[in-house]
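Secondary and tertiary structure notes
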Amino acid sequence: MEQERDQTRLLAMYHTMVLARSLDERMWQLNRQGKAPFVISCQGHEAAQVGAAFAMRPKHDWIVPYYRDLAMMLAMGMTPREVMLGLLAKAEDPSSGGRQMPAHYSHRALNIVSHSSPTGTQVPHAVGVAMGAQMRGDDIVVWTAFGEGTSSQGDVHEAMNLAGVMKLPVIFFCENNGYAISVPQHKQMGVENVSDRGPGYGFPGITVDGTNVLEVYEAMTAAVERARRGDGPTLIEAKCVRLTAHSSDDNDRTYRSPEDIKAMRTRDPIASFEHFLRDEGMLDDAKVAAIRAEIKEIVNDATAYAEAAPLPDPSTVRKYVFAE
Amino acid sequence: MAELNLLEAINQALDQAMANDERVYIIGEDVGQRGGVFRVTDGLHAKYGSKRVIDAPLAESIIIGSSIGAAMYGMRPIAEIQFADFIFPAFNQIISEAARMRYRSNNTWEVPLVIRAPYGGGIHGALYHSQSIEAFFAHIPGLKVVAPSTPYDAKAMLLAAIDDPDPVLFLEHKKCYRLIKGYVPDEHYTVPIGKADIAREGSDVSVITYGMMRHYAVEAAEMLAKEDISVEVVDLRSLVPLDRETILNSVKKTSKVLVLYEDNLFGGYGAEIAAIIAQDGFEHLDAPVQRLAGLDIPAMPYSAPLENEFLPTPSKIADTLRDLVNY
């Protein structure tokens, strides 16, 4: 029974990771076809996000994401159609009704908080959500994510400092892919690990292999339990890889060596998890083919739905500056 | 009904809001046991405890940023910035986040947040305890900006701001805090945000102003009354949204108008008022729109003669109005 539950969960993790990758790849195709002006990817971060998501309670816990968190969105319940509506800036896009750039995810019904483009500004919001929960006595956990480049921002420092003071139920989740657009980690910080800073704020800092979904899941489970107990925040640094350029407007070959890119490709989190599941006897060629075929259908459906959906009416441009 | 100064009126509003609504809490530097450096939150920590009157770390961006998150969670935070001059580390949180949240989320999220900020000079506060900051913030759609100048309005507009579903920057002129007294009803009452007040009726010339300058304008009007010059003083109270109708009606009535503000002249909030009058009140004008404001220097200096030289004063206002009436 326990083993069956485990197997179901592991296959669900795999499914979410592959779905995120497939949707992401389709987004790039739509970009290259001229249908989507902008794409920013989660490729290489799937294990980090899915490992984190499966340790939380969707629609109960709160998510304060950043622009790479596609796999987290899917795991929390955002549908592929909703994701594609955002990519194509359609009126029905739940994140912003086509007002923000793609990947600026938000979903009120799923407790996913809207974020902006200046990096790190969302991290104080996560602390505020946790303050509200603490004042009300709610048992939620707040998860917020950011890259290692963003960890240089003052807002991130101020947020962690206050969370440490108030012992808030918030998990600071750094998705460290080694690059802030073009600037490598060693030019961003004098420490080896972002997580080294956790103890400086009075809470644990943990580094995990962000390409290993189970390692992330285990660390997140401990952090979630700690937060729900009222023992305060945890800083988790998931070291992952950025398998694409920063965005569709970037060219990473202008600042990454071919050797670096080749080495990174050996750390694809989906390939390694699939390998593990095959070793465990949970996947074989037929099962993989079936899952991929099913996901292709889902992605096709989401694309077709979003392409056919209406654009925002220009007469709505002045709406919702203030409450109406 | 009691006679209170502006600071006491604000304290009473905070107390009543906290008593009425458990979602309301206060966060800021020294707001707890100390009761704020100006004592605006005096007594509230003892009454409501450290969970609802929170002494924040000395970091303005997290004071505002955490309040935004709590507001989205359903709380009603009131964040104090100790001096308006110190608000700039939180500028990005206010303009990029609080002000744009409703719009950028297509009305799915809102930020019912009040930011209180003591501002203004004439109190020997020098460059960094004297500034007027309204122009920076009034520029951004999505943020309401109010600057009440009487105890009656301060209590009413703070309670209105706390009830408001959108973020409100609530500016408290420091010179008004203890100097300006008035009768304040004991009960909960509000003044709608977005309505100007005719502080003094007149027929020869209008002064459009707000904050401490309202009181200086009234003083100047009293001086000029002895010279048979009748001055109307419009106190905007709410800078965003703006009561255009009251401004234009006053211009129509007097045909001459002085826009008066304490911030430095260039690109100040009054520049927008002057532009509105020039565009929409042109046919009523018998003289060019005049502006009197602080000097275009980096900020107000400390030493008394320098500070006085920076500020519009009742006598400078009276001189400008005499010239305008004689145009």
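Residues numbered from 1 in each chain as written. Chains lettered and ligands numbered in written order. Predicted model: local features only at pLDDT ≥ 70, side-chain atom pairs only at ≥ 80, totals over all residues.

Examining the overall build of chain B
- A count of helical and extended segments in chain B gives 13 helices and 14 strands.
- Dimensions of chain B along its principal axes, counting C-alpha atoms only, are 60 × 45 × 40 Å.
- Taken over 327 residues, chain B has a buried fraction of 57%.
- Summarising the internal contacts of chain B: among those between residues at least 6 apart in sequence, 80% fall at separations of at least 24. (Helix = DSSP H or I, 4+ residues; strand = E, 2+ residues; numbered from the N terminus. Buried ≥ 20, exposed ≤ 12 C-beta atoms within 10 Å, placed from the backbone. Contact = placed C-beta atoms within 7 Å.)

Looking at the interface of chain A and chain B
- Opposite the 32 residues of chain A that make contact, chain B presents 34 residues.
- Elements supplying a minimum of two residues to the side of chain A that touches chain B: helix 5 (122–136) and helix 6 (154–166) of chain A.
- Considering every element that reaches the side of chain A that touches chain B, the biggest residue donor is helix 5 of chain A, with 10 residues.
- Considered class by class, the residues forming the side of chain A that touches chain B number 16 nonpolar, 12 polar and four charged. (Nonpolar A, V, L, I, M, F, W, Y, C, P; charged D, E, K, R; others polar.)

Observations concerning the sheet that holds strand 12 (residues 238–240) of chain B
Residues and elements named next belong to chain B.
- Strand order across the open sheet formed by seven strands is 3-2-4-5-7-6-12, with mixed pairing between neighbours. Bordering the open sheet on either side are strand 3 (53–55) and strand 12, each of which pairs with just one other strand. Across the sheet, the mean angle from the axis of one strand to that of its neighbour is 20°, orientation sign disregarded.
- With three bridges joining them, strand 2 (residues 24–28) and strand 3 adopt parallel strand pairing. Note on strand 3: the bridge partner recorded for I27 is I54. (Pairing = 2+ DSSP bridges. Axes fitted to C-alpha atoms, helices over the stretch in contact; angles between N-to-C directions.)

Side note on the UniProt feature "domain: Transketolase-like pyrimidine-binding" (unreviewed entry) in chain B
- Taking the UniProt record as the reference, the feature "domain: Transketolase-like pyrimidine-binding" (unreviewed entry) is found at residues 4–179 of chain B.
- Overall, residues 4–179 of chain B shows 39% helix and 17% strand. The separation of its end C-alpha atoms is 10 Å. (UniProt positions renumbered as here; feature names shortened; annotations may be inferred.)

Quick look at the domain arrangement of chain B
Residue and element names in this part refer to chain B.
- Structurally, chain B comprises domain 1 (2–184) and domain 2 (197–326).
- On a C-alpha basis, the centroid separation for the pair domain 1 and domain 2 is 26 Å.
- In this assembly, 25 residues from domain 1 lie in contact with 24 residues from domain 2.
- Those elements that provide at least two residues to the side of domain 1 that touches domain 2 are helix 6 (134–138), strand 6 (144–146) and helix 7 (151–163).
- Grouping the constituent residues of the side of domain 1 that touches domain 2 by class yields 12 nonpolar, nine polar and four charged. (Domains from an automatic or database assignment.)

A word on the sheet that holds strand 14 (residues 290–294) of chain B
All names here are of chain B.
- Read across the sheet, five strands follow the order 9-11-10-13-14 without closing on themselves; strand pairing throughout is mixed. The sheet is open, and its two edges are formed by strand 9 (197–200) and strand 14, each paired on a single side. Between one strand axis and the next, the sheet turns by 25° as a mean value, whatever way the strands run.
- Docked against the sheet, helix 11 (residues 269–280) engages strand 10 (205–209), strand 13 (257–264) and strand 14, running at close to 160° with respect to strand 13.

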